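Chain and residue survey
If you want the building blocks of each chain, they are given just below.
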Number of protein chains: 2
Amino acid sequence: MEQHFQKKFNHLKELCSQKGLRLTHQRTEVLRELASAKDHPSAETLYSRVKGRVPAISLDTVYRTLGTFMDLGLAAKVPVDGDLGRFDGDVSPHHHVVCVCCGAIRDFIWDEVSCGELPAEVTDWCHVTDTQVIVRGICRDCKGSDS
Amino acid sequence: MEQHFQKKFNHLKELCSQKGLRLTHQRTEVLRELASAKDHPSAETLYSRVKGRVPAISLDTVYRTLGTFMDLGLAAKVPVDGDLGRFDGDVSPHHHVVCVCCGAIRDFIWDEVSCGELPAEVTDWCHVTDTQVIVRGICRDCKGSDS
DNA sequence: TTTGTATTAGGAATAATTCCTAACAACCGA
DNA sequence: TCGGTTGTTAGGAATTATTCCTAATACAAA
């Protein structure tokens, strides 16, 4: 996963020089945390993690950086509702399952969907940029400890 | 669509008496507006529409009522991000396309997905309650008037 | 280095949603 | 029909995720 970061870092470096953006310490460290995270962290969660490496970083910077990454195509927001937005450093096509009880999010692949063709009524109406399945349910951990 | 409301109204009536909830004017009118809406309105939008019939209704009541409807299975929140939550009075299985530019949302059916089986890694991890596809893109109207 | 300018920290501002409480109105039974 | 009980509402205050503002900072090109 370190090499995973390296790849993303090189991508960020390239995009920054292309777009006249600066490769700051904050951007690098937010990218590092996001690339190694497997739990689709919120901005707040990412903030507390990055603080370990960049103690003076502000929450606003984390939000701003995530926004920049989304513009650059390096990150995505997971379309689940909840108080906090959840972010994903993996922008390759995949789907999400979310536990409506604890908020845990897991990735999954579903080839039949990914490779299937959208109905014409969709592609007629708009130029599609992203297609994903959202599954909601109650995970095993929450199922056991029902309140 | 009036008969559509009638069906939902009867359902609401039944659920209310089952759960000891009261069939208030506000609940009835919010349901009527939601049942006839085809644009997946926000709470704010619904509020201004219902005001035509119930001038004194408060925004809080609309939010509270939508929450109640979701608990009762009469409404659902569309999992798209944006400043305002978007609500759907149609709880039958279907998918959504959203224009990331203007926020328009359209329903669609995709039988291959609806009838397909989720990968085991998903059903092993949680008890699934809802599966839907979210398509994001730019609609024709926005494509034309690009800024 | 030096300099120009994008970026940041930190706190203030914004805004969607929820909370609080007194007044209200369904619904039950008489 | 008429009260009484109690769930519900209106309205404004409170909460909180996210964004805005501005002086200070630090990339990166020369």
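Right above here is the structure, for reference.
So, here's what we can say about the structure. (Residues numbered from 1 in each chain as written. Chains lettered and ligands numbered in written order. Predicted model: local features only at pLDDT ≥ 70, side-chain atom pairs only at ≥ 80, totals over all residues. Heavy atoms only, no water.)

As a further point, take the side chain of T28(B). Residue and element names in this part refer to chain B. Mapped onto the elements of the fold, T28 is located in helix 2 (residues 25–36). A polar side-chain atom of T28 sits 2.9 Å from the main-chain carbonyl oxygen of T24. Apart from the residues within four sequence positions on either side, T28 is in contact with F5, F9 and L23. (Helix = DSSP H or I, 4+ residues; strand = E, 2+ residues; numbered from the N terminus. Polar contact = N/O pair within 3.5 Å; in protein donor to acceptor, adjacent residues only side chain to side chain. Contact = heavy atoms within 4.5 Å.)

Before going further, it helps to examine the pattern of salt bridges. Residues and elements named next belong to chain A. One pass over the full model with this rule turns up 13 salt bridges over all chains. Here R32 ties to E29 by a salt bridge, and the two come within 2.9 Å at their closest N and O atoms. Placement of both R32 and E29 in helix 2 (residues 25–36) is noted, with a separation of 3 residues, approximately one turn of the helix. The exposure class assigned to R32 is buried, which follows from its relative accessible area of 19%. Notably, a salt bridge pairs E33 with R53, separated by 3.4 Å at the nearest N-O pair. Of this pair, E33 sits in helix 2 while R53 sits in the loop between helix 3 (43–51) and helix 4 (59–72); the two residues are 20 residues apart in sequence, bridging distant segments of the chain. According to the relative accessible area criterion, R53 is partly exposed, its value standing at 45%. (Salt bridge = Lys/Arg side-chain N within 4 Å of Asp/Glu carboxyl O. Buried < 20%, exposed > 50% of the residue type's maximum accessible area, 1.4 Å probe, protein only.)

We now examine the packing of aromatic side chains. All names here are of chain A. For the coordinates displayed, the defined rule picks out 4 aromatic pairs over all chains. Their ring planes at 35° and their centres at 5.7 Å tell us that F5 and F9 sit as a pair that is tilted. In this pair, F5 and F9 are both assigned in helix 1 (residues 2–19), 4 residues apart and thus about one turn of the helix distant. When its relative accessible area of 3% is taken as the criterion, F5 is described as buried. Arranged with centres 6.5 Å apart and planes meeting at 45°, the rings of F108 and W110 form a pair that is tilted. The exposure class assigned to F108 is buried, which follows from its relative accessible area of 2%. Judged by relative accessible area, W110 falls into the buried class, the value being 3%. (Phe/Tyr/Trp six-rings, centres within 6.5 Å; stacked < 30°, edge-to-face > 60°.)

Let us now look at helix 2 of chain B. Residues and elements named next belong to chain B. Between its terminal C-alpha atoms helix 2 stretches 17 Å, which fits the 16 Å expected from 12 residues at 1.5 Å a residue. Within helix 2, 9 of the 12 residues are buried, which leaves the element mostly enclosed by the surrounding structure. Where helix 2 is buried, its residues meet helix 1 (2–19), helix 3 (43–50), helix 4 (59–72) and strand 2 (86–88). (Expected span 1.5 Å × (residues − 1).)

This brings us to the relation of the copies chain A and chain B. For these two chains of identical sequence, chain A goes onto chain B by a turn of 180° and a shift of 0.0 Å along the axis, with RMSD 0.0 Å. The symmetry that links the two subunits is that of a two-fold axis. By C-alpha distance to the rotation axis, the residue of chain A lying nearest is V133(A), at 2.1 Å. Most of the interface of chain A is mirrored in chain B, where 100% of its interface residues are also at the interface. (Least-squares fit on C-alpha atoms with pLDDT ≥ 70 in both.)

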